[in-house]
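# Examining the three-dimensional arrangement
Here is what each chain is made of, one letter per residue.
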Amino acid sequence: MKTMMFIRPPFNGMDKYIPPHLGIATLYSYLNSKFAWIKFSLVDALADGLNVEEVVNIIEKTRPDILAFTVKTMQNVQTKNIILRIRQIYNPLIICGGNHVSVSPREFIKIGADYAILGEGEQAIEKIINFEYCHSGENLNECSNICTKNTPAYFALKPCAEIAGNGIVTPDWSLFNLHKYNENIHMNKDSYALPIMASRGCPFNCQYCLSSTLKGLRYFSIDRVKKDLKALIDAR
């Protein structure tokens, strides 16, 4: 049995807006269906108000085999500090992904991450786990959406939309205590709201937005959206 910890690094300034991480819930759902021999856990520094030191202490105490960081730009420095500290304590497999990593993957490899994923993460993490633990023969150094320590400097990396619409799994919220979260940023911020998506991708090409680098808009069926709604309601 291996252990894998999803980590949402610390950042401040969100006030009552504490959305549950739809990406982590989707990754967990996908990976948990593929790897029965991995026990998954979650550290959500946003929901629990944790700082860098507290996150490091949790990791040091539990010592997961795999650490998976999701990184937005406002979590960039905090994530790097955690990785640098952890590398001084023990040597887990470290995977980074998310918005900031997708536009600047090599900076995370330089400070100690083993892999940096550009764009969608389900199949990329599956490939990494198969390579590291299942003796897969695939050369990850030649995957355009996975940056490694051995990826040549000249190699063109780019985000990748890997999964067709019907292959995107329903999020599994069982790692989350959803009562800690509130997605509502609209009229009445005191009312309770949680996220639901009916598509993945974007039809537009705004140059200031990361979505412009990821081609592939996929709509979910009505039945699929109903299934996701039921999963979210049941998780509460």
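A brief structural summary. The structure displayed is predicted, hence computed values, not measured ones.

This part is about the packing of helix α1 (residues 22-34) against helix α7 (residues 122-133). Running from N to C, α1 and α7 cross one another at 40 degrees; their axes reach a closest spacing of 10 Å. With respect to their mutual orientation, α1 and α7 come out oblique. The two elements α1 and α7 cross, and the hand of that crossing is right-handed. For the pair α1 and α7, the contacting residues are Thr-26, Leu-27, Tyr-30, Leu-31 and Lys-34 in the first and Glu-122, Gln-123, Ile-125 and Glu-126 in the second. Across the contact of α1 with α7, the residue classes tally to four nonpolar, two polar and three charged.

Moving on to helix α8 (residues 222-235). Compared with the 20 Å implied by 1.5 Å per residue over 14 residues, the 20 Å span of α8 between its first and last C-alpha is a close match. Those residues of α8 that fall on the buried side of the exposure criterion are Arg-224, Val-225, Asp-228 and Leu-232. The buried residues of α8 occupy one face: seen down the axis, they fall within an arc of 100 degrees. Exposed and facing more than 90 degrees away from the buried side of α8 are Ile-222, Asp-223, Lys-226, Lys-227, Lys-230, Ile-233 and Asp-234.

Analysis parameters
Residues numbered from 1 in each chain as written. Predicted model: local features only at pLDDT ≥ 70, side-chain atom pairs only at ≥ 80, totals over all residues. Heavy atoms only, no water. Axes fitted to C-alpha atoms, helices over the stretch in contact; angles between N-to-C directions. Helix = DSSP H or I, 4+ residues; strand = E, 2+ residues; numbered from the N terminus. Parallel < 35°, antiparallel > 145°, perpendicular 65-115°, else oblique. Left-handed = near helix turned anticlockwise from the far one by under 90°. Contact = heavy atoms within 4.5 Å. Nonpolar A, V, L, I, M, F, W, Y, C, P; charged D, E, K, R; others polar. Expected span 1.5 Å × (residues − 1). Buried < 20%, exposed > 50% of the residue type's maximum accessible area, 1.4 Å probe, protein only. Arc of directions from axis to C-beta.

By themselves these figures say nothing about function.
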